[in-house]
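Descriptive structure summary
As a plain string of letters, each chain reads:
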Amino acid sequence: MAFYLTVIGGVDDGKVFEIDGPSALVGRSGSADVKLNDESVSWEHAKLTEEDGRFTVENLSALGTKVKGLKIPKPTKIAPGDEIELSQRCKVRLDVRAVAAAESSSNTTLLLAGLLIVVLLVAGFGVLTTSGPAQAYEAPMTSTHWRNAYTTLSENIDEWSAGGVLPPDTPSFFRDAWLDDLSGNTEEAGRKWDQFAHLLRTTPAPTGDDPRLENQTFASVAGKNWSTDQKPILRQISGRDPGDLSTSGPVARIKALWGFVTYRQWQAKQGQGEE
């Protein structure tokens, strides 16, 4: 029978893996059935097995695996709905098809209710308006889209760092800021996004074959208008809007990165109650 593993927490938060076979290897290994990107998870961390509708989980990591808050010393029975704790910030939840379908139905109901509220507000007040940064930085994507954008931009940062365009520690700094963001540590996330934005304001942009980029920083190449310069490209790399940027030059990727960082920077400040 098919079953599902839903990631809770960490950089893969929200991802859902459908498992059609009798077992699933969970970890960062390229051969894992549930391949995670979170460095708090071992290369081959745990193995789930299904037989006649009964499930067991086995720890494969020196870091240990917990079920219901307790480390498991041997293969342990679990049931749909149980959470398997791989690290302090990363868990996976076991679901079967019926549970996944129910959750989807519930989510659809909540979405429709939310849309109805918005329609009523618009009808009652004419138009919803905001002031200050919230107006300039209209949220363009869902949390899933932001995770997709993070993954794509991480690859770009790795490339620029390996090529000497960005400092060697930039990939880890970007990841740490994102993890603080996900964990709700808005103060620390805001501080790191501020530092990252400063880095992009002061670092020369990769020119590629475009002479127009000479003597410009990442920030100056990205442009100043969120809605016209960064938002459309960010929506494309996230999968929110159609478009293929796989063969695009550095300008599009720079705009997407600057848009991502400055939006997360603004959002962290809103979480701290800043204007």
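A brief look at the structure comes next.

Rules used throughout
Residues numbered from 1 in each chain as written. Predicted model: local features only at pLDDT ≥ 70, side-chain atom pairs only at ≥ 80, totals over all residues. Heavy atoms only, no water. Helix = DSSP H or I, 4+ residues; strand = E, 2+ residues; numbered from the N terminus. Buried < 20%, exposed > 50% of the residue type's maximum accessible area, 1.4 Å probe, protein only. Contact = heavy atoms within 4.5 Å. Areas by Shrake-Rupley, 256 points an atom, 1.4 Å probe, with all protein chains shown as cover. Axes fitted to C-alpha atoms, helices over the stretch in contact; angles between N-to-C directions. Parallel < 35°, antiparallel > 145°, perpendicular 65-115°, else oblique. Left-handed = near helix turned anticlockwise from the far one by under 90°. Expected span 1.5 Å × (residues − 1). Core = buried A, V, L, I, M, F, W, Y, C linked by side-chain atoms within 4.5 Å. Salt bridge = Lys/Arg side-chain N within 4 Å of Asp/Glu carboxyl O. Pairing = 2+ DSSP bridges. 1 Å grid on protein atoms, 1.4 Å probe; cavity = no way out; pocket = protein on both sides within 12 Å on 5 of 7 lines; lining within 4 Å. Points joined across faces, edges and corners; volume = space filled by probe spheres on them. Nonpolar A, V, L, I, M, F, W, Y, C, P; charged D, E, K, R; others polar.

For the rest of this paragraph, the subject is the overall build of the chain. Looking only at helices and strands, the chain features eight helices and eleven strands. With 275 residues in all, the chain has 41% of them scored as buried. Here the contacts in the chain between residues at least 6 apart in sequence split such that 49% fall between residues at least 24 apart. Here the chain has roughly 14700 Å² of accessible surface; of this, 52% comes from carbon and sulfur atoms.

Where helix H3 (residues 143-162) contacts helix H4 (residues 170-183), the two axes come as close as 9 Å, and the packing angle between them is 160°. Between H3 and H4, the angle is such that the two are roughly antiparallel. In terms of crossing hand, the pair formed by H3 and H4 is right-handed. Listed contacts from H4 to Trp146, Arg147, Tyr150, Leu153, Ser154, Ile157, Asp158 and Ser161 of H3 are Thr170, Pro171, Phe174, Arg175 and Trp178.

The next thing to look at is H4. Count 3.6 residues to each turn of an α-helix, and residues three or four apart come out pointing the same way. The end-to-end C-alpha distance of H4, which contains 14 residues, comes to 20 Å, matching closely the 20 Å that a straight helix rising 1.5 Å per residue would cover. Buried within H4 we find Thr170, Pro171, Phe174, Arg175, Ala177, Trp178, Leu179, Asp180 and Asp181. One or two steps after H4, the chain reaches Gly184, where phi turns positive at roughly 85°.

Judged by nonpolar contacts, the single largest core of 36 residues is most densely connected at Phe174, Trp193, Leu257 and Phe260. Listed by contribution, the elements that provide at least two residues to this core are H3, H4, helix H5 (186-202), helix H6 (218-222), helix H7 (226-237) and helix H8 (250-271). A total of ten residues in this core trace back to one element, the largest contributor, which is H8. If sequence neighbours within four positions are ignored, Phe174 has contacts with Tyr150, Leu153, Ser154, Ile157, Trp193, Phe196, Leu257, Phe260 and Val261. Core analysis: the second largest hydrophobic core is formed by 23 residues, Leu5, Phe55, Leu94 and Val96 among them.

Their axes nearest at 8 Å, the elements H4 and H5 cross at an angle of 145°. Two packed elements cross with a definite hand, and for H4 against H5 that hand is left-handed. Across the interface between the two elements, Thr170, Phe173, Phe174, Asp176, Ala177, Trp178, Asp180 and Asp181 from H4 touch Glu188, Ala189, Lys192, Trp193, Gln195, Phe196 and Leu199 from H5.

The subject of this paragraph is the pattern of salt bridges. Going through the model one piece at a time under the given rule, you end up with eleven salt bridges. A salt bridge links Asp12 to Lys15; the shortest N-O distance between them is 3.0 Å. We classify Asp12 as buried; its relative accessible area is 1%. Taken together, the shared-partner salt bridges in this structure form one network comprising Asp180, Glu188, Arg191 and Lys192.

Turning our attention to the pairing of strand E3 (residues 23-27). The buried fraction of E3 amounts to four of the five residues, a majority that puts the element mostly inside the structure. By the bridge criterion, two bridges tie E3 to strand E4 (residues 34-35) in an arrangement that is parallel. Following the sheet pairing, Gly27 is matched in E4 by Lys35.

The next point concerns the layout of surface pockets. Looking at the largest pocket, its volume works out to about 330 Å³. Surrounding the largest pocket, 13 residues form its lining, Asn37, Tyr150, Ser154, Asp158 and Arg175 being those nearest its centre. Secondary structure elements with two or more residues in the lining of the largest pocket: H3 and H4. No other element matches the six residues that H3 contributes to the lining of the largest pocket. For the lining of the largest pocket, the class distribution of residues is five nonpolar, three polar and five charged.

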